[in-house]
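Residue-level listing of the chains:
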Amino acid sequence: MELLKQRILKSGHVSSDNVLKVDSFLNHQLDIALLSEIGKEFHRIFASDNITKILTVEASGIAIASMAGMYFNVPVVFAKKNQSKNIEGDVFSSSVQSFTHGRKYDIIVSKKFLSPDDRILILDDFLARGNAMLGLIDIVEQSGAKLCGAGIVIEKGFQDGADLLKKKNVNLHSLAIIKSMENGKLVFG
Ligand code: 5GP
């Protein structure tokens, strides 16, 4: 997606070897016009999959999934991050190793919001090592719903997340793939 790549080049910066900061348009301040184009593009890609629900994880996935939800006209469910190990209630849960914070956390989704009849599209901001995605996929599998696809705004192609998901036969589409970002220089794949 050319518009997105141009914006990453203009406004993104690499804060250390493996973390790309996109706070000015995607992760803190939100560029709504760009997010709308992102939502439209995900809809174009997955329009024929009869999606009934979009699943993401708080916090950064919510804006992206919400915009996409407007185009699909379906509800958006976001997994909540739970710091404590004492998960209460009727929930699906999975454990995720955080890429940016280096620690484990649980994600939970109420059983009320996913059912075996659902056809799910998972959306997220970044794909690095694939742990967040694997946690969300685990939750979809627990619910018995069908995983129709996974959409990523920025894939870091030099990390192993995409390979991992393709090995699991996930229908993965990334809007921008970064091949390398050594010494702060971004190269798209
Ligand atoms: P993964 O689980 O694939 O290793 O990492 C994905 C999650 O980590 C994303 O949900 C995102 O929040 C965060 N993340 C991974 N890499 C980056 C990065 O380079 N920049 C930012 N801003 N977040 C990242």
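Details of the structure are given in the entry above.
Quick caveat, the model's predicted, so the values are computed rather than measured. (Residues numbered from 1 in each chain as written. Predicted model: local features only at pLDDT ≥ 70, side-chain atom pairs only at ≥ 80, totals over all residues. Heavy atoms only, no water.)

Draft legend 1. Expanded view of the overall build of the chain. Scanning the chain for helices and strands turns up six helices and 10 strands. Taken over C-alpha atoms, the radius of gyration comes to 16 Å for the chain, in line with the 16 Å a tight globule of 189 residues would show. Seen through its C-alpha atoms, the chain measures out along the principal axes to roughly 45 × 35 × 30 Å. Within the chain, buried positions represent 48% of all 189 residues. In the chain, 60% of the contacts between residues at least 6 apart in sequence involve partners at least 24 apart. When the accessible surface of the chain is split by element, carbon and sulfur atoms take 47% of a total near 9,500 Å². Across the chain, 23 positive and 21 negative side-chain charges occur, with their mean positions spaced 2 Å apart. (Helix = DSSP H or I, 4+ residues; strand = E, 2+ residues; numbered from the N terminus. Rg over C-alpha atoms; globule rule 2.2 N^0.38 Å. Buried < 20%, exposed > 50% of the residue type's maximum accessible area, 1.4 Å probe, protein only. Contact = heavy atoms within 4.5 Å. Areas by Shrake-Rupley, 256 points an atom, 1.4 Å probe, with all protein chains shown as cover. Lys, Arg positive; Asp, Glu negative; His and termini not counted. Charge placed at Lys NZ, Arg CZ, Asp CG, Glu CD.)

Draft legend 2. Here's a closer look at the side chain of arginine 7. Tracing the chain through its elements places arginine 7 in helix H1 (residues 2-11). With relative accessibility at 19%, the residue arginine 7 sits in the buried group. Setting aside residues no more than four positions away along its own chain, arginine 7 makes contact with Gly12, Ser24, Phe25, Asp31 and Leu34.

Draft legend 3. Representation of the site of the ligand in the model. Around the ligand lies a shell of 16 residues, among which Leu20, Ala128, Arg129, Gly130 and Lys156 are the nearest. With respect to the ligand, the backbone of arginine 129 contributes an N or O atom lying 2.8 Å from an oxygen atom. In terms of residue count, strand S7 (residues 119-127) provides more of the shell around the ligand than any other element does, four residues in total. Among the residues forming the shell around the ligand, the class breakdown is seven nonpolar, five polar and four charged. (Near = heavy atom within 4 Å. Polar contact = N/O pair within 3.5 Å; in protein donor to acceptor, adjacent residues only side chain to side chain. Nonpolar A, V, L, I, M, F, W, Y, C, P; charged D, E, K, R; others polar.)

Draft legend 4. Focus on the pattern of salt bridges. For the structure shown, the criterion picks out five salt bridges. A salt bridge links lysine 40 to glutamate 37; the shortest N-O distance between them is 3.4 Å. Here lysine 40 pairs with glutamate 37, and both are found in helix H3 (residues 32-46), just three residues apart, close to one helical turn. The class of glutamate 37 is partly exposed, set by a relative accessible area of 30%. Between lysine 111 and aspartate 90 there is a salt bridge, and its shortest N-O distance comes to 3.8 Å. Here lysine 111, found in the loop between strand S6 (104-110) and S7, pairs with aspartate 90, found in the loop between strand S4 (76-82) and strand S5 (91-97); they are 21 residues apart in sequence, far enough to count as distant. (Salt bridge = Lys/Arg side-chain N within 4 Å of Asp/Glu carboxyl O.)

Draft legend 5. Summary view of the packing of H3 against helix H4 (residues 60-72). In contact at an axis separation of 8 Å, H3 and H4 are set at 55° when each is read in the N-to-C sense. The angle between H3 and H4 places the two elements in the oblique class. Crossing geometry of H3 relative to H4 is assigned as right-handed. Only Ala63, Ile64, Met67, Ala68, Tyr71 and Phe72 of H4 make contact with H3, whose side of the interface consists of Ile32, Leu35, Ser36, Ile38, Gly39, Lys40, Phe42, His43 and Phe46. Residues belonging to the contact of H3 with H4 are distributed by class as follows: 11 nonpolar, three polar and one charged. (Axes fitted to C-alpha atoms, helices over the stretch in contact; angles between N-to-C directions. Parallel < 35°, antiparallel > 145°, perpendicular 65-115°, else oblique. Left-handed = near helix turned anticlockwise from the far one by under 90°.)

Draft legend 6. How the structure looks around the packing of H1 against H3. Direction vectors running N to C along H1 and H3 enclose 140°, while the axes themselves pass 10 Å from each other. Classed by the angle they form, the pair H1 and H3 counts as oblique. Handedness of the H1/H3 crossing: left-handed. Where H1 approaches H3, its residues Leu3, Leu4 and Arg7 are matched on the opposing element by Leu34, Glu37 and Ile38. The residue inventory of the contact of H1 with H3, partitioned by class, reads four nonpolar, no polar and two charged.

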